[in-house]
Amino acid sequence: MKKYFNLYKTVFKFAVIKNMAYPQDFLIWSVVDLLWSCINLGFFKVLLLRIPSISGWTFEQLTIILGLVHILSAFVWGVMYGNMKQLVNDIHRGNLDLCLTKPANSQFLVSTKEISFSLFPTFIIGAFLVTYGLLVNGKFTLPSTAVVLVSIASSIIISYSLWFVTVTGAMFFGRLANVVEIFPNALDIARYPVSIFPPFIQFVYTFIIPFALMGFVPANIILGKTNYLVLTLVPVSALILLYISSRFWNFALRHYSSASS
């Protein structure tokens, strides 16, 4: 564990140097993120101008879901996207050999090559929305804060695992360069209360493709709409999916054709 911590610390240091070399990117993305956040909030605000709630969710309650998804998006686009895209390219070009021959876990190596800080404003906006939602709903308490932290950590693991399995599937098919775009675009579903969908879709988004666990279920728990015991479903699902992603990666490597094979 210490070895991997030191490895990631080194990657992080290089990422800081690389990102600070292009400060204009940070400023541009800050403006883009601010505009995008205003559009997202504006959409729900306009939607709720003439109706009191959406499936029992007011605008103030929705800010908790939106905040959690914003924080998750910062990790998805800032920490995961570059690595997933590079992994697809390496699979197609047969360039995974450099990772597979190193004395470290290959899944860890291919998942930690790139870190971008351009999505840091998204994280700040998400934290603000969650804090605002907790305060305005009278839920800024220690238990609620614990739920937020557990749900964020679990959502990051769930997102990584689902996305990694999707991208790893490129080893079995031809040139699927755009497979990396599937998950982050589908993640928009997590912004909406799952209760607005029919029962079957709710089941799918909770137990099959668990987008509900990323924002809806934690917000439900915080607002007292669901028992705290349901929270155990979130980290348990995260650990199960992480294990599945690891097993699937090892299985897929048996079908990988390297540049030298």
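Notes on the structure in this doc start here. (Residues numbered from 1 in each chain as written. Predicted model: local features only at pLDDT ≥ 70, side-chain atom pairs only at ≥ 80, totals over all residues. Heavy atoms only, no water.)

## Here we look at the nonpolar core
1) Next: Judged by nonpolar contacts, the single largest core of 65 residues is most densely connected at Leu 87, Leu 96, Trp 163, Leu 187 and Met 214.
2) Next: Sort the elements by how many residues they give to this core and helix α3 (residues 59-93) lands first, with 16 residues.
3) Next: Among residues more than four places away in sequence, those in contact with Leu 87 are Leu 96, Val 110, Phe 164, Val 167 and Trp 249. (Core = buried A, V, L, I, M, F, W, Y, C linked by side-chain atoms within 4.5 Å. Buried < 20%, exposed > 50% of the residue type's maximum accessible area, 1.4 Å probe, protein only. Helix = DSSP H or I, 4+ residues; strand = E, 2+ residues; numbered from the N terminus. Contact = heavy atoms within 4.5 Å.)

## Considering a nonpolar patch on the surface
1) Next: A cluster of nonpolar side chains, contributed by Phe 26, Leu 27, Phe 120, Phe 123 and Ile 124, occupies part of the molecular surface with about 450 Å² of accessible area.
2) Next: Of all the secondary-structure elements, those providing two or more residues to the nonpolar patch are α2 (23-47) and α6 (120-136).
3) Next: Of all the elements, α6 adds the most residues to the nonpolar patch, at three residues.
4) Next: Here Phe 26 shows up in helix α2.
5) Next: With a relative accessible area of 32%, Phe 26 lands in the partly exposed category. (Patch = residues over 30% accessible without salt bridge, like charges linked within 9 Å, V, L, I, M, F, W, Y side chains within 5 Å. Areas by Shrake-Rupley, 256 points an atom, 1.4 Å probe, with all protein chains shown as cover. Salt bridge = Lys/Arg side-chain N within 4 Å of Asp/Glu carboxyl O.)

## A word on the environment of Tyr 256
1) Next: Inspection of the secondary structure assignment puts Tyr 256 in the segment after α11 (233-253).
2) Next: Judged by relative accessible area, which is 12%, Tyr 256 ranks as buried.
3) Next: A sequence separation of 85 residues divides Tyr 256 from Met 171, and the C-alpha atoms of the two residues are 5.9 Å apart.
4) Next: Each residue touching Tyr 256, except ones within four places of it in the same chain, is listed here: Asp 90, Ile 91, Gly 94, Asn 95, Leu 96, Asp 97, Leu 100 and Met 171.

## As for the packing of α3 against helix α7 (residues 142-168)
1) Next: Where α3 meets α7, the axes come as close as 10 Å, and the angle between the chain directions of the two elements is 25 degrees. Our classification of the angle between α3 and α7 gives roughly parallel. Crossing of α3 against α7: the hand is right-handed. Two secondary-structure elements touch here, α3 through Leu 68, Ile 71, Leu 72, Phe 75, Val 76, Met 80, Tyr 81, Met 84, Leu 87, Val 88 and Ile 91 and α7 through Val 148, Ser 151, Ile 152, Ser 155, Ile 156, Ser 159, Tyr 160, Trp 163, Phe 164 and Val 167. (Axes fitted to C-alpha atoms, helices over the stretch in contact; angles between N-to-C directions. Parallel < 35°, antiparallel > 145°, perpendicular 65-115°, else oblique. Left-handed = near helix turned anticlockwise from the far one by under 90°.)

## Looking at the layout of surface pockets
1) Next: There is about 910 Å³ of room inside the largest pocket.
2) Next: Lining the largest pocket are 36 residues, and of these Trp 29, Trp 77, Gly 78, Ser 118 and Leu 119 lie nearest its centre.
3) Next: Top contributing element to the lining of the largest pocket by residue count: α3, with eleven residues.
4) Next: Here the lining of the largest pocket is built from residues that sort into 16 nonpolar, 13 polar and seven charged.
5) Next: Going through the elements one at a time, α1 (2-20), α3, α5 (106-111), α7 and α11 are the ones with two or more residues in the lining of the second largest pocket.
6) Next: Broken down by element, the residue count for the lining of the second largest pocket peaks at five residues, all from α3.
7) Next: Grouping the amino acids of the lining of the second largest pocket by side-chain chemistry returns 13 nonpolar, six polar and no charged. (1 Å grid on protein atoms, 1.4 Å probe; cavity = no way out; pocket = protein on both sides within 12 Å on 5 of 7 lines; lining within 4 Å. Points joined across faces, edges and corners; volume = space filled by probe spheres on them. Nonpolar A, V, L, I, M, F, W, Y, C, P; charged D, E, K, R; others polar.)

## Some thoughts on the packing of α2 against α3
1) Next: Contact pair α2 / α3: the axes reach a minimum separation of 11 Å and the direction vectors enclose 150 degrees. Compared by their axis directions, α2 and α3 come out roughly antiparallel. α3 is crossed by α2, and the crossing has right-handed handedness. On the side of α2, the interface is formed by Ser 37, Asn 40, Leu 41, Phe 44 and Lys 45, while α3 contributes Phe 59, Leu 62, Leu 66 and His 70.

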